[in-house]
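Next come the chains, spelled out residue by residue.
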Amino acid sequence: MSRRLAEVARKVGVSEATVSRVLNGKPGVSESTREAVLTALDVLGYERPTKLRGERARLVGLVLPELQNPIFPAFAEVVGGALAQQGFTPVLCTQTAGGVSEADYVELLLGQQVSGIVFAGGHYAQRDATHGHYERLTGRNLPVVLINASIEELPFPRVSCDDEVAIEQAVGHLASLGHTKIGLVLGPVDHVPSERKLRAAQAITQRLGLELGENQVVRSAYSLESGQAAGNRLLREGVTGIVCASDPLALGVIRAARRAGLRVPDDVSVVGYDDSAFMSCTEPPLTTVRQPIEPMGRAAIDLLVSQIHGSAVPQDELLFEPELVVRGSTGPAPTQPVTVRD
């Protein structure tokens, strides 16, 4: 017990006597200090005293599907900073192949008595995935916010980048450069943001009088290697402009173009999505559609904290406007047919 008292006291910057008063429910401690001591207990992995376990900690779960895509660490940084400003400590939960599942993380976070959970990508965006753990959260009445598009059945507030506007910007940019055969690299068939992107692409290409056949749309996992494989398929179809659902996918397409003996952007133009870290430093610098992660992340935390404090929040989806960032991976459509090297 004395070791625990000393460790918690050091973490919070108070005396061991103060920690003892909090753990024993004694008066004479400010509410802010009391909350800090309880949060330190949770962060350090100590169990709360039985009489305090019914109270939610000032911890907030942040569940991410991966960290390899640089957009997710960027979201984590924004969300973590916004939580800290509100007096909460983020608990980062990252899924790995064959590792802890999203449902397992939900159980872990419930066991830690978290005040709420923010999901930035996950099963909620996939129609064919399991969704039972979200029902657990609804049953517990736990504050939850989802970042980016989800299936319609979940009763949680959502903060999203407008996928339709993003595709209109990207396809419109390529069309303005003279590209008439444009390909898409999207996520899986059941992925809701990709559904929205495809609908928008079909609408704008029809409006512009461009073709968009089934062979011009490739479904892919979200990785550079998957982007390369998708790029190979699209290049064989003779597309001269390719719009991708993430920046790593776009980098994979550029690699495929180079290995096929093509130049970017002279022979083929490529547009990414996210404007994640270092995309201005690639060769060529990547033209991409920027997600406004700073205002999106802060809006997500505002919604979450409002719920934590007992306020009702709308279940509507807040849509944020993306921004096309034109760099060096897009250029005028080639005037002569391009030969793809096997």
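- The chain has the name LacI family DNA-binding transcriptional regulator in an unreviewed UniProt entry, where Cellulomonas humilata is given as its organism.

### Focus on the overall build of the chain
(1) Moving on: Check the secondary structure of the chain and you find 11 helices and 12 strands.
(2) Moving on: Seen through its C-alpha atoms, the chain measures out along the principal axes to roughly 80 × 35 × 35 Å.
(3) Moving on: Relative to its 342 residues, the chain shows a buried fraction of 51%.
(4) Moving on: Here the analysis covers contacts within the chain between residues at least 6 apart in sequence; of these, 73% occur between residues at least 24 apart.

### Regarding the layout of surface pockets
(1) Moving on: The computed volume of the largest pocket comes to approximately 640 Å³.
(2) Moving on: As for the largest pocket, its lining consists of 29 residues, and the residues nearest its centre are P65, F72, G121, H191 and Y222.
(3) Moving on: Of all the secondary structure elements, the ones that give two or more residues to the lining of the largest pocket are α4 (71-85), α8 (192-208) and β9 (269-274).
(4) Moving on: Taken together, the residues of the lining of the largest pocket sort by class into 15 nonpolar, 10 polar and four charged.
(5) Moving on: Here the lining of the largest pocket spans two domains, since at least three of its residues come from each of domain 2 (59-161 + 292-321) and domain 3 (163-290).
(6) Moving on: What lines the second largest pocket is a set of 14 residues, and nearest its centre among them are N141, L142, P143, V144 and Q307.
(7) Moving on: Grouping the constituent residues of the lining of the second largest pocket by class yields seven nonpolar, six polar and one charged.

### Notes on the environment of V91
(1) Moving on: When you line up the elements, V91 lands in strand β2 (residues 89-94).
(2) Moving on: Setting aside chain neighbours within four positions, we find V91 in contact with L59, V60, G61, L62 and L109.

### Structural notes on the sheet that holds β2
(1) Moving on: Across the sheet, which stays open at both edges, the six strands sit in the order β2-β1-β3-β4-β5-β11 with parallel pairing between neighbours. Two strands in the sheet have a free side with no partner beyond their single neighbour: β2 and β11 (317-320). Neighbour to neighbour, the strand axes of the sheet diverge by 20° on average, direction disregarded.
(2) Moving on: Looking at chain direction, strand β5 (residues 158-161) and β11 are connected through four bridges and run parallel. Its bridge partner lying in β11, S160 is registered against L319.

### Focus on the pairing of β9
The side chains of a regular strand alternate between the sheet's two faces.
(1) Moving on: Of all the six residues making up β9, six are buried; the element is thus mostly covered by neighbouring parts of the structure.
(2) Moving on: The sheet contact formed by strand β8 (residues 241-244) and β9 spans three bridges and is parallel. Its bridge partner being in β9, I242 is matched across the sheet by V270.
(3) Moving on: Bridge count for β9 against strand β10 (residues 287-290) is four bridges, and the pairing is parallel. Following the sheet pairing, Y273 is matched in β10 by V289.

### Description of the pairing of strand β4 (residues 144-147)
(1) Moving on: Alternating positions in β4 separate into two faces, V144 and L146 on one and V145 and I147 on the other, with burial throughout.
(2) Moving on: The sheet contact formed by strand β3 (residues 116-120) and β4 spans four bridges and is parallel. Bridging across to β4, A120 finds its partner in I147.
(3) Moving on: Handedness of the crossover joining β3 and β4 through helix α6 (residues 132-140): right-handed.
(4) Moving on: Direction of pairing for β4 relative to β5: parallel, over a ladder of two bridges. Across the sheet, I147 pairs through a bridge with V159, a residue of β5.

### Considering the pattern of salt bridges
(1) Moving on: Applying the stated criterion across every chain yields a total of 13 salt bridges.
(2) Moving on: Residues D266 and R263 are paired through a salt bridge, measuring 3.5 Å at the closest nitrogen-oxygen approach.
(3) Moving on: We note a salt bridge from E294 to R298, for which the minimum N-O separation is 2.9 Å. With E294 and R298 both in helix α11 (residues 293-308) and four residues apart, the pair spans about one turn of that helix.
(4) Moving on: With a relative accessible area of 39%, E294 lands in the partly exposed category.
(5) Moving on: Owing to a relative accessible area of 31%, R298 belongs among the partly exposed residues under this scheme.

### Notes on the packing of helix α2 (residues 16-23) against helix α3 (residues 31-44)
(1) Moving on: The N-to-C vectors of α2 and α3 enclose an angle of 85°; their axes lie 10 Å apart at closest approach. With respect to α3, the axis of α2 lies roughly perpendicular. In this structure, α2 uses T18, V19, V22 and L23 to contact α3, whose residues at the interface are T33, R34, V37, L38 and L41.
(2) Moving on: When the residues that make up the contact of α2 with α3 are grouped by side-chain class, the tally is six nonpolar, two polar and one charged.

Rules used throughout
Residues numbered from 1 in each chain as written. Predicted model: local features only at pLDDT ≥ 70, side-chain atom pairs only at ≥ 80, totals over all residues. Heavy atoms only, no water. Helix = DSSP H or I, 4+ residues; strand = E, 2+ residues; numbered from the N terminus. Buried < 20%, exposed > 50% of the residue type's maximum accessible area, 1.4 Å probe, protein only. Contact = heavy atoms within 4.5 Å. 1 Å grid on protein atoms, 1.4 Å probe; cavity = no way out; pocket = protein on both sides within 12 Å on 5 of 7 lines; lining within 4 Å. Points joined across faces, edges and corners; volume = space filled by probe spheres on them. Nonpolar A, V, L, I, M, F, W, Y, C, P; charged D, E, K, R; others polar. Domains from an automatic or database assignment. Pairing = 2+ DSSP bridges. Axes fitted to C-alpha atoms, helices over the stretch in contact; angles between N-to-C directions. Right-handed = clockwise from strand over helix to strand, strands pointing away. Salt bridge = Lys/Arg side-chain N within 4 Å of Asp/Glu carboxyl O. Parallel < 35°, antiparallel > 145°, perpendicular 65-115°, else oblique.

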